[in-house]
Amino acid sequence: MVAGTHEIVIVGAGPAGLCAASAALRRGLRPLVIERSERIGGLWHRVAPDLRCLSPRHRDRLVDGSHPLGPGDRASAAEVLAALETFAEREGIEVQLETPATSLDPHGAELVLHTPRGELRTRRLILACGEYSRPWVPELPGHFAGAAVHSSCLQPET
């Protein structure tokens, strides 16, 4: 059951959401990742499994340094999916599948994210949805007066 209070909630179990969860774990937080579909991987499970990446395999690294394994210079979509699934398992990332976010409301110092499985309460929320650096901040019904910043506007850590 997903309802309850969580240190950090991440919406989206594609590469960005899983890497955000890994970063949260490395900072001592226990993230919950929710995903509207039945599988992690975002776009990677919606394309042909034999589709090849444009970049060389060794450049397709996740935050732990791992990359898709397999023959040839370029990873296939199936190999990327396998790498993401292995990464999520190895990192111990808690993912709740088939759990879409339907609305968001402030409640004191917390945010209340509504899902068909119940309310999620958190002080930290990351929306890791969208594909390939397309700045998209979804509009969820409800009210939030805080800052909403797309990751493309942030400076990388040094």
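Counting starts from 1 at the beginning of each chain's written sequence and moves along it residue by residue. Under the rules for a predicted model, residues below a pLDDT of 70 receive no local features and side-chain atom pairs below 80 are neither given nor counted, while totals for whole chains, interfaces and linings still include all residues. Hydrogens and water are ignored here; the side-chain numbers use all heavy atoms of the structure.

1. Digging into the sheet that holds strand β8 (residues 125–127)
Note: strands within a sheet are paired through backbone hydrogen bonds, in either parallel or antiparallel orientation.
And then number 1: Pairing between strands requires that DSSP locate at least two bridges from one strand to the other. Helix numbers and strand numbers start at the N terminus; a helix is a DSSP run of H or I with at least 4 residues, a strand a run of E with at least 2. One open sheet accounts for four strands, arranged β4-β3-β2-β8; its pairing is parallel. What marks the edges here is a single partner per strand, and that holds for β4 (94–96) and β8. Strand after strand, the sheet turns through a mean of 20 degrees between neighbouring axes, direction not considered.
And then number 2: Pairing of strand β2 (residues 8–11) with strand β3 (residues 31–34), which is carried by four bridges, proceeds in the parallel orientation. Across the sheet, residue I8 finds its bridge partner in β3, namely P31.
And then number 3: Whether two residues are in contact is decided by their heavy atoms, any of which lying within 4.5 Å being enough. All axes here are fitted lines through C-alpha atoms, helices being fitted over the stretch that makes contact, and every angle between N-to-C directions spans 0 to 180 degrees. Sheet strands touched by helix α1 (residues 15–26): β2, β3, β4 and β8. Its angle to β3, the strand with the most contacts, is close to 170 degrees.

2. A word on the packing of α1 against helix α2 (residues 77–91)
And then number 1: Where α1 contacts α2, the two axes come as close as 11 Å, and the packing angle between them is 20 degrees. When the interaxial angle is binned, α1 and α2 end up roughly parallel. The hand of the α1/α2 crossing is left-handed. Where α1 approaches α2, its residues P15, L18, C19, S22, L25 and R26 are matched on the opposing element by L84, F87, A88 and E91.
And then number 2: All residues other than Ala, Val, Leu, Ile, Met, Phe, Trp, Tyr, Cys, Pro, Asp, Glu, Lys and Arg, Gly among them, are scored as polar; the first ten of these are nonpolar and the last four charged. Split into classes, the residues belonging to the contact of α1 with α2 amount to seven nonpolar, one polar and two charged. Relative orientations are named as follows: roughly parallel for angles under 35 degrees, roughly antiparallel for angles over 145 degrees, roughly perpendicular for angles from 65 to 115 degrees, and oblique for any other angle. For any pair of crossing helices, the crossing counts as left-handed if the nearer helix is rotated counterclockwise from the farther one by less than a right angle, and right-handed if it is rotated clockwise.

3. Observations regarding the environment of V95
And then number 1: Looking at the secondary structure, you find V95 in strand β4.
And then number 2: Buried, partly exposed and exposed residues are distinguished by accessible area as a fraction of the type maximum, computed with a 1.4 Å probe on protein chains only: under 20%, between the cut-offs, and over 50%, respectively. Of the residues examined, V95 reaches a relative accessible area of 26% and is grouped as partly exposed.
And then number 3: Measuring from C-alpha to C-alpha, the distance between V95 and L32 comes to 6.1 Å, with 63 residues separating the pair along the chain.
And then number 4: Every residue in contact with V95, bar those within four places of it in the chain, is listed here: A13, L18, V33 and I40.

4. Observations concerning the nonpolar core
And then number 1: To qualify as a nonpolar core, a set must consist of buried Ala, Val, Leu, Ile, Met, Phe, Trp, Tyr and Cys residues joined through side-chain atoms within 4.5 Å. Counting residues in each nonpolar core, the largest one holds 23 residues, and the members touching the most others are I10, L18, W44 and L84.
And then number 2: Those elements that place two or more of their residues in this core are β2, α1 and α2.
And then number 3: Sort the elements by how many residues they give to this core and α2 lands first, with six residues.
And then number 4: Other than its neighbours up to four places away in sequence, I10 contacts G17, A20, A21, P31, L32, V33, I34, I126 and A128.

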